[in-house]
Amino acid sequence: MDFFKDKRILITGHTGFTGTWLCEILKCFGAKVAGYALEPPTSPALFELTNMKEGMTSYIGDVRDLAHLKEVFAREKPEIVIHMAAQPIVRESYQNPVDTYEINVMGTVNVLECVRLTDSVKSVVNVTTDKVYRNNEWDKGYVETDILDGYDPYSNSKSCSELVTHSYIQAFLKERKIAVSTCRAGNVIGGGDFARDRIVPDCVRAAAKGEQIIVRNPHSVRPYQHVLEPLFAYLMIAKAQYENPALAGAYNVGPDDGNCITTGELAETFCSLWNRQWGEEKKMIRWLNRSDGGPHEANFLKLNCGKLKECFGWSPKWSVEHALEKVIELEGLRLSHKDGLGEKKLAGELVKCMQEQIYEYRSA
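Model, not experiment: these values are computed from the prediction. (Residues numbered from 1 in each chain as written. Predicted model: local features only at pLDDT ≥ 70, side-chain atom pairs only at ≥ 80, totals over all residues. Heavy atoms only, no water.)

1. Details of the overall build of the protein chain
Then comes step 1: Counting its secondary structure elements, the protein chain contains twelve helices and 13 strands.
Then comes step 2: Taken over C-alpha atoms, the radius of gyration comes to 20 Å for the protein chain, in line with the 21 Å a tight globule of 364 residues would show.
Then comes step 3: Counting the 364 residues in the protein chain, one finds 57% classified as buried.
Then comes step 4: For the protein chain, restricting intrachain contacts to residue pairs at least 6 apart in sequence, the fraction spanning at least 24 positions comes to 81%.
Then comes step 5: Put simply, the protein chain shows about 15,500 Å² of open surface, and 48% of that area lies on carbon and sulfur atoms. (Helix = DSSP H or I, 4+ residues; strand = E, 2+ residues; numbered from the N terminus. Rg over C-alpha atoms; globule rule 2.2 N^0.38 Å. Buried < 20%, exposed > 50% of the residue type's maximum accessible area, 1.4 Å probe, protein only. Contact = heavy atoms within 4.5 Å. Areas by Shrake-Rupley, 256 points an atom, 1.4 Å probe, with all protein chains shown as cover.)

See below:
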C-alpha cells in the first residue's frame, strides 16, 4: 500500500468490470488514478453503479485514437501504466474480427507508442489472456515459453499483442530502462460483471429472473479465479519491476489445479450457493446443458503459474467456491436493494462491499 500511495497510474479499460475493481484497489491504496477507456461496455455497468469516476480522473476515449491518447499521457505523466483496454469476448470476435484486431493489436501499439514518448513511465503491465497459447488440448498447464498462436480472432489478437509488446521492448523500451511485463490471466469472475457470453454473468442474470441457467459448453475446463487474484498479481509485478527492471517478463496468472474446473461444475457450485442464500426468498435454480453449436472454443485450458510463484513467492488465495460466494455477496446486495435505495446510497453500499472484499483478500 505504501508503494502505491501518490503514484501516478494510468489504466486503460478502466470503465470495464476488471478495470473498475482495479480503480477501487488503487484508490484504497492512495494512488493518483487516471483512466482511459470507452464508455462502460454494458448497461448496467459496475463503473456507473459505484460512481467510480469520483476520486479519480476518467477520460473517455478509444485506444485506437493515438492523438487523443498522446494528449492524455502528456497531461497525466503516468509512472505506471496498466493496459487492459480490449475487445474481450470470443464470440464477439467471430462476429467483428476487424474491430477485435484493431482494438487489441493497434490499441496495444498506440499505448506502447505513448509509453515510448513519455519520460515519466517506469513500469508497464500489458494484460492479455490465457488463450494466447496454441491450444493442443493438453492436460498440463501452459508455460510462458510455449508457442503463442490463439485460434479464434480474440485469442489470436491477444497473441499479436504479446508480439507487439516484445518488439517495443527490444526496439525501444529496454534501452530506456522502462520495465514491461505481459500477464496472461485465466478466466476472471467477480461481482459486477455484466458481460454477454460469460458464464457467471449468465448465472446471475438467470438467477435474478428465477430462470434456469443455460450452459453451452459444460465440459470445457477453465482456470477460474476471482478478479482480485490477477489484479493483485498485476500490482505486485508493476511494483517489483519498477524497483528492479530485471523482474520484467511474461507471467501466467491463474488458480491451482484444483480450481481448474468444468463450466458445468462452476454452474453447479453457483446454483448450490445461490439456493442456500436465496432459495427460500427467490425461486430455486438449476443449470441446463444446452449446446448451441456456436463457434470453436477450446475444451481444455490450464495454466502453469510456476514462474510467478518462483519469482515472487506468489500463490492464489481464494477457491472457486469462495470466489462465487463473493460474487453472490455483491450481486445479492445489488439485486435486493436496487429498488429500495437511491443511486448514491446504493453506490456507497456497493463500494463498501468491494472494499471489504479487497481487505479480506489482502489479509488472507
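Following the structure, the description resumes.
2. Observations regarding the pattern of salt bridges
Then comes step 1: Taken as a whole and assessed by the stated rule, the structure comprises 22 salt bridges.
Then comes step 2: A salt bridge links Asp62 to Arg64; the nearest nitrogen and oxygen atoms lie 2.8 Å apart.
Then comes step 3: The residue Asp257 makes a salt bridge to Lys302 at a minimum N-O spacing of 3.9 Å. Linking Asp257 in the loop between β11 (250–253) and β12 (260–262) with Lys302 in the loop between β13 (287–289) and α10 (306–312), this pair joins segments that are 45 residues apart in sequence.
Then comes step 4: The class for Asp257 is exposed, based on a relative accessible area of 53%. (Salt bridge = Lys/Arg side-chain N within 4 Å of Asp/Glu carboxyl O.)

3. Remarks on the pairing of strand β4 (residues 80–83)
Then comes step 1: Taking every second residue as pointing to the same face, both faces of β4 are buried, with Ile80 and Ile82 on one and Val81 and His83 on the other.
Then comes step 2: In the sheet, strand β1 (residues 8–12) pairs with β4 via four bridges, with the strands oriented parallel. In the strand pairing of β4, Ile9 is matched with Ile80.
Then comes step 3: Sheet topology note: the β4/strand β5 (residues 123–127) ladder contains four bridges and is parallel. Considered in β5, the bridge of Ile80 is made with Ser123. (Pairing = 2+ DSSP bridges.)

4. Comments concerning the environment of Ile237
Then comes step 1: Structurally, Ile237 can be placed in helix α8 (residues 228–243).
Then comes step 2: We classify Ile237 as buried; its relative accessible area is 0%.
Then comes step 3: Counting along the chain gives 74 residues from Ile237 to Cys311, while the straight-line C-alpha distance between them is 9.8 Å.
Then comes step 4: Ignoring anything within four residues of it in the chain, the contact list for Ile237 reads Val125, Ser181, Cys183, Tyr251, Leu308 and Phe312.

5. Digging into the sheet that holds β1
Then comes step 1: Taking strand neighbours across the sheet as the criterion, the seven strands line up as β3-β2-β1-β4-β5-β6-β11 in an open arrangement whose pairing is parallel. Two strands bound the open sheet, and with one partner strand each, they are β3 (57–60) and β11. On average, each strand axis in the sheet is tilted by 15 degrees relative to the strand beside it, whichever way the strands run.
Then comes step 2: Together, β4, β5, β6 (179–185) and β11 form the strand contacts of α8, whose direction differs from that of β5 by roughly 150 degrees. (Axes fitted to C-alpha atoms, helices over the stretch in contact; angles between N-to-C directions.)

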